[in-house]
Amino acid sequence: MALNSCAACSKADVSLKACSSCKLVKYCNVNCQRTHRSQHKNTCKKRAAELFDKKLFAEPPPREDCPICMIMLPCDEADAVYMSCCGKTICLGCRYSLTAERCPFCNAAPPTSEKNWTNRVLKRIEKHNDPMAMHILGGSYSVGSYGNPMDLSKAAEMYRRGSELGCAAAHNGLGRSYTFGIGVELDEKKAVDHYHIAAMMGLENARYNLGCCEVQSGNMHRAMRHFMMAAKRGHDLSLDNVKRGFRSGSVTKDEFEKTLRRHQASLDETKNEQRDRGKAIYNSIP
């Protein structure tokens, strides 16, 4: 069927609209699309899956830089600090090397208590609609920290709000909530949908979670693709699974060696002595 004519009635029309899923055929109206659906649905589904995978496995955008040292932030969220006063995220190296007590961005004094920290995060949400603050508060509710009681429903709600504003970490948090039925009804499809969004935004933890979902489904080839992509960007748990994949034959020697080199290069790109010192200080805090 020519692309300049309706796939159902063969009518040529300048107002033809392409199938939104596969882009392979065009229709002159919704009725023609419905009429042709039984003939087209298998081809459409296959092509739509191909197009989606092309986006899913494309190279994601790089992580943001620490706004102080201007070196890319580490892969692990625990190696960075969210400033509850102004919403900036900085690396541990810069956080613990600051000579002044006050925030270098907004000149705010450090939080005086857990309650003060929570109030600042709430202010970021209420006044600035800050999606990362929503994710951070969701994490606090999920474990009952910073003076907040454990409230899994509130945690999921904060993740939902943050995800709607485009926060990759919130998408991942909400995905985990759906994966395990934490604060929401268990829904594997919704979980994977949120992991997909976060992974395509460049969040390695979400890419790792997608790999785990594929392992559970028995799709080892797809799982290893996800693990290798995340490992190449410095994700240690993904690298561990790539090693297992290599031992089991799911990953070739060439793929394994390339992943190892890229993983080390990614770590080198985000590592320096100041960050090592900052992490050591952070780990020593009881």
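Residues numbered from 1 in each chain as written. Predicted model: local features only at pLDDT ≥ 70, side-chain atom pairs only at ≥ 80, totals over all residues. Heavy atoms only, no water.

Undergrad: I'd like to hear about the overall build of the protein, residue by residue, with values.
TA: From N to C terminus, the protein includes 12 helices and 4 strands. Expressed along its principal axes, the backbone C-alpha trace of the protein runs to roughly 75 × 50 × 35 Å. Scored against the burial criterion, the 286 residues of the protein give a buried share of 37%. When the accessible surface of the protein is split by element, carbon and sulfur atoms take 51% of a total near 16400 Å². (Helix = DSSP H or I, 4+ residues; strand = E, 2+ residues; numbered from the N terminus. Buried < 20%, exposed > 50% of the residue type's maximum accessible area, 1.4 Å probe, protein only. Areas by Shrake-Rupley, 256 points an atom, 1.4 Å probe, with all protein chains shown as cover.)

Undergrad: So, the nonpolar core: which residues are in play, and what are the values?
TA: Counting residues in hydrophobic clusters, the biggest one holds 25 residues, and the most contacted among them are Val121, Ile125, Leu137 and Met158. If you list the elements that add at least two residues to this core, you get α3 (114-128), α4 (131-143), α5 (152-164), α6 (168-180), α7 (188-200) and α8 (204-216). In terms of residue count, α4 provides more of this core than any other element does, 5 residues in total. If we skip the residues at most four places from it in the chain, Ile125 touches Asp130, Ala133, Met134, Leu137, Met158 and Arg161. (Core = buried A, V, L, I, M, F, W, Y, C linked by side-chain atoms within 4.5 Å. Contact = heavy atoms within 4.5 Å.)

Undergrad: Can you break down the layout of surface pockets residue by residue, with the values?
TA: Rolling a probe over the atoms, with the probe sized like a water molecule, indicates the empty space that remains. The space that makes up the second largest pocket amounts to roughly 490 Å³. Along the walls of the second largest pocket sit 22 residues, with Pro74, Asp76, Asp79, Leu267 and Lys279 positioned nearest its centre. Elements that contribute at least two residues to the lining of the second largest pocket include exactly α2 (92-95), α10 (236-248), α11 (253-270) and α12 (273-284). Here the lining of the second largest pocket is composed, by residue class, of 6 nonpolar, 6 polar and 10 charged. (1 Å grid on protein atoms, 1.4 Å probe; cavity = no way out; pocket = protein on both sides within 12 Å on 5 of 7 lines; lining within 4 Å. Points joined across faces, edges and corners; volume = space filled by probe spheres on them. Nonpolar A, V, L, I, M, F, W, Y, C, P; charged D, E, K, R; others polar.)

Undergrad: So what's going on with the packing of aromatic side chains? Which residues, and what values?
TA: By the definition in use, this model includes 3 aromatic pairs. Geometrically, the ring pair formed by Trp117 and Tyr146 is stacked, given 3.9 Å between the ring centres and 25° between the ring planes. Within this pair, whereas Trp117 is found in helix α3, its partner Tyr146 is found in the loop between α4 and α5, the two being separated by 29 residues in sequence. A residue is classified by how much of its surface remains accessible, and Trp117, at 10% relative accessible area, is buried. Here Tyr146 falls in the partly exposed class, since its relative accessible area comes to 38%. Measuring from ring centre to ring centre gives 4.4 Å for Phe246 and Phe256, while their planes differ by 10°; the resulting arrangement is stacked. (Phe/Tyr/Trp six-rings, centres within 6.5 Å; stacked < 30°, edge-to-face > 60°.)

Undergrad: Talk me through empty space enclosed by the protein; I want residue IDs and the actual numbers.
TA: Counted according to the given criterion, the structure contains 1 cavity of 30 Å³ or more. By volume, the largest cavity amounts to about 40 Å³. Around the largest cavity, the lining residues are Pro60, Ala199, Gly202, Leu203, Glu204, Arg207, Met229, Ala230 and Arg233. When contributions to the lining of the largest cavity are tallied by element, the ones reaching two or more residues are α8 and α9 (220-232). Residue composition of the lining of the largest cavity, by class: 5 nonpolar, 1 polar and 3 charged.

Undergrad: How would you explain a nonpolar patch on the surface if you had to name every residue and give the values?
TA: Judged by side-chain polarity, Met150, Leu152, Phe180 and Ile182 come together as a nonpolar surface patch covering roughly 370 Å² of accessible area. Following the sequence through the fold, Leu152 ends up in helix α5. (Patch = residues over 30% accessible without salt bridge, like charges linked within 9 Å, V, L, I, M, F, W, Y side chains within 5 Å. Salt bridge = Lys/Arg side-chain N within 4 Å of Asp/Glu carboxyl O.)

Undergrad: Summarise α5; cite the residues concerned and give the values.
TA: In this model α5 runs 18 Å from its N-terminal to its C-terminal C-alpha over 13 residues, within 8% of the 18 Å that 1.5 Å per residue would give. Looking only at α5, the buried set comprises Ala155, Ala156, Met158, Tyr159, Gly162 and Ser163. Projected down its long axis, α5 carries its buried residues within an arc of 160°, all on one side. Here the buried face of α5 lies against α3, α4, α6 and α7. (Expected span 1.5 Å × (residues − 1). Arc of directions from axis to C-beta.)

Undergrad: Can you tell me about the pattern of salt bridges, naming the residues and giving the values?
TA: Enumeration according to the criterion identifies 13 salt bridges in this entry. For Asp53, the salt bridge identified is with Arg222, shortest N-O distance 2.7 Å. Here the residue Asp53 occupies a position in helix α1 (residues 30-56), and Arg222 occupies one in helix α9, the gap between them amounting to 169 residues. Taking the relative accessible area as the measure of exposure, Arg222 reaches 21% and is therefore partly exposed. Two residues, Arg160 and Glu164, come together in a salt bridge whose shortest N-O distance is 2.6 Å. Here Arg160 pairs with Glu164, and both are found in helix α5, just 4 residues apart, close to one helical turn. A relative accessible area of 30% means that Arg160 is categorised as partly exposed. A relative accessible area of 57% means that Glu164 is categorised as exposed. Residues joined by salt bridges that share partners form a network here, namely Glu59, Arg63, Glu204 and Arg233.

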